[in-house]
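Structural description and commentary
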Amino acid sequence: MQLPPLASDRATQLVFAFPGVHILVVGDAMLDTFIVGRVTRISPEAPVPIVAFDHQTQRIGGANVAHNVTALGGHATLIAVMGQDDNSTTLMRGCRDAGIETGFIATDSERVTTTKVRIVTERNQQVARVDYESDAEISGDVEHGILQAVEKYGAESAAIVVSDYLKGCVTRRVMEAVIDTAKTTGIPVLVDPKIPHIDYYAGTTMVTPNHHEAEAATHSRIRSTTDARLAAHAFRDRVHCESILMTRGDQGIWLLAKEAEGHLPALAREVADVTGAGDTVIAALALAMGAGASMVEAAHLANQAASISVGKFGAATVSPSELLRAVSITADA
């Protein structure tokens, strides 16, 4: 069953309300580094390409949910943990440049700032990736600081997004603080999940697994909308959350909520890179819900935003004008 459509004028009303919505993002912040060059030959030392360096770029990584919020016109406050190194300085500068309020960034001398270094060709073909990370869960004074910050900034927000990449910031105590704060203030909690932490998310408003995560959590195979419906119910029962929005790549989205349940087809005409699409989806969901959208309306806007994001290379963001244009094109089709 397909979800009812979203009227263009209602979508426009919601997007115009984004500038008044404040989203708290709690989770794993990362730095994405791209070393770009030309491949002209194979190394004589090993059967690998030699990349002649051309240029290097750096982007916000795990904090990309917050970047998506600000790019869409909303306000984002980030709570995260970083190391005491040069990459943390670069990442903080990137957050400021993106308009993200760094409400509380805990620094931990015992860990490195999570950094993913990708070596890519000028044609955007990835050759290799090197990860610098410490994935032990935070504790002690670092965790205590995060807990206090959640309570402080959660009270000022329209929604809380938890961006969990298993890099240590999202602990059971942090999730409990997020859920308790949200219940006190009456705001939704949305989680981009990781299966090893699935028991942490009980009591949240919405969890947004992709279909691979849903398969792993429910020990099932998802090959049809019927499979998606059954897996969404099983996932919700396993997590004990209110709603599920499952992203299914080129098969679109499956929403399971109290108000409605159904499918939205994928809208992307060309797919360049799916990296960061989940961040775009949950940012659009949070902003729409913070602006007063129903979950069906929020799912429509998230689906539109995802269709734009996957047409760009890397962890891309979406602007309000792009989203409004996509909504208009879909309504006219």
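Up top you'll find the structure we're talking about.
Now for a description of the structure that goes with this document. For clarity, every value in this text was computed on a predicted model and none was experimentally measured.

This part covers the pattern of salt bridges. Summed over the entire model, instances satisfying the criterion amount to nine salt bridges. One salt bridge connects Arg223 with Glu215, and the closest N-O pair in it is separated by 3.0 Å.

Per the stated rule, a full pass over the model turns up zero aromatic pairs. Of note, Arg59 hangs over the ring of Phe34, and the distance from its end group to the ring centre comes to 4.8 Å. In this structure, Lys194 packs its charged tip against the face of Tyr165, placed 4.8 Å from the ring centre.

Here we take up the environment of Thr171. The residue Thr171 is located in the loop between β8 (159–163) and α5 (172–185) in this model. Separated by 156 residues in the primary sequence, Thr171 and Val15 have C-alpha atoms spaced 33 Å apart. Look past the residues within four positions of Thr171 in its chain and what remains in contact with it is Glu137, Ile138, Glu143 and Tyr200.

Such a bond, covalent and formed between the sulfur atoms of two cysteines, is termed a disulfide. For the structure on display, the rule yields zero disulfides. This cysteine, Cys95, is not joined by any disulfide, and Cys169 carries the nearest cysteine sulfur, 13 Å off. According to the relative accessible area criterion, Cys95 is buried, its value standing at 0%.

Counting 59 residues, the largest nonpolar core has Ile23, Leu78, Leu190, Leu255, Leu301 and Leu323 as the members making the most contacts within it. Aside from chain neighbours lying at most four places away, what touches Leu323 is Val15, Phe18, Leu72, Leu301, Gln304, Ala305, Ile308 and Val318. Ala182, Val191, Tyr201 and Phe235 belong to the second-largest nonpolar core, a separate cluster that totals 42 residues.

What counts and what doesn't
Residues numbered from 1 in each chain as written. Predicted model: local features only at pLDDT ≥ 70, side-chain atom pairs only at ≥ 80, totals over all residues. Heavy atoms only, no water. Salt bridge = Lys/Arg side-chain N within 4 Å of Asp/Glu carboxyl O. Phe/Tyr/Trp six-rings, centres within 6.5 Å; stacked < 30°, edge-to-face > 60°. Lys NZ or Arg CZ within 6 Å of the ring centre and 35° of its normal. Helix = DSSP H or I, 4+ residues; strand = E, 2+ residues; numbered from the N terminus. Contact = heavy atoms within 4.5 Å. Disulfide = S-S within 2.5 Å. Buried < 20%, exposed > 50% of the residue type's maximum accessible area, 1.4 Å probe, protein only. Core = buried A, V, L, I, M, F, W, Y, C linked by side-chain atoms within 4.5 Å.

Such coordinate-based values are descriptive only and should not be taken to indicate function.
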